[in-house]
Amino acid sequence: MEVGERIRHIRESKNMTQKKLADSIHISPSFMNRIEKGSSPVSLDCVRSIANVLDVTPQAILCDIFVYPDEDSSISEKIKITVEKFPIQRQQEFLDMLEFLVSRMK
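Okay, so let's go over this structure. (Residues numbered from 1 in each chain as written. Predicted model: local features only at pLDDT ≥ 70, side-chain atom pairs only at ≥ 80, totals over all residues. Heavy atoms only, no water.)

Some details on a nonpolar patch on the surface
- A contiguous nonpolar patch, built from Ile 75, Ile 79, Phe 94, Met 97, Leu 98 and Val 102 and spanning about 540 Å² of accessible area, is present on the exposed surface.
- Among the elements of the structure, α6 (75–83) and α7 (88–105) are those that each provide at least two residues to the nonpolar patch.
- Among the elements that take part in the nonpolar patch, α7 stands out by supplying four residues, more than any other.
- On the secondary structure map, Ile 75 appears in helix α6.
- Residue classification places Ile 75 among the exposed residues on the basis of a relative accessible area of 67%. (Patch = residues over 30% accessible without salt bridge, like charges linked within 9 Å, V, L, I, M, F, W, Y side chains within 5 Å. Areas by Shrake-Rupley, 256 points an atom, 1.4 Å probe, with all protein chains shown as cover. Salt bridge = Lys/Arg side-chain N within 4 Å of Asp/Glu carboxyl O. Helix = DSSP H or I, 4+ residues; strand = E, 2+ residues; numbered from the N terminus. Buried < 20%, exposed > 50% of the residue type's maximum accessible area, 1.4 Å probe, protein only.)

Examining the pattern of salt bridges
- Here the structure, examined in full by the defined rule, presents six salt bridges.
- The partner of Arg 11 in a salt bridge is Glu 36, with the nearest N and O atoms 2.6 Å apart. Here Arg 11, found in helix α1 (residues 3–13), pairs with Glu 36, found in helix α3 (residues 29–37); they are 25 residues apart in sequence, far enough to count as distant. Per residue, the accessibility class of Arg 11 equals that of Glu 36, and both read buried.
- Note that Asp 45 and Arg 48 form a salt bridge whose closest N and O atoms lie 3.0 Å from each other. Of this pair, Asp 45 and Arg 48 are both found in helix α4 (residues 44–54), three residues apart, which corresponds to roughly one turn of the helix.
- The class for Arg 48 is partly exposed, based on a relative accessible area of 49%.
- Residues joined by salt bridges that share partners form a network here, namely Arg 8, Arg 11, Glu 12 and Glu 36.

Some thoughts on the nonpolar core
- Among the nonpolar cores identified, the biggest contains 17 residues, and Ile 7, Leu 21, Met 32, Ile 50 and Ile 61 are the most heavily contacted of them.
- Elements with a minimum of two residues in this core: α1, α2 (18–24), α3, α4 and α5 (58–62).
- It is α4 that contributes the most residues to this core, five residues altogether.
- Contact partners of Ile 50, with chain neighbours within four places excluded, come to Ile 7, Leu 21, Ile 25, Met 32 and Ile 61. (Core = buried A, V, L, I, M, F, W, Y, C linked by side-chain atoms within 4.5 Å. Contact = heavy atoms within 4.5 Å.)

Printed below as a string of structure tokens:
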């Protein structure tokens, strides 16, 4: 999942509008929209401000950026890290496909 998608997901889970978040960190709603869509870069200071307003750590927003499976990771950990890079809807589609495959293997 990209940074903007993660911000949107967290914001929506807190039932906060994009405008309210933008106003809280003193940026325009249109800039907040571009951040969430990934069409504008977001600075670390902005991530820190967003995290503060959303009551999460900056790491919760940036968690996917620096996570890579290593050779010693289990297969399930590699799958988890790979799947988490996708938007929530795609993650659900992957889970549905995986559950279908598992049901066929029994």
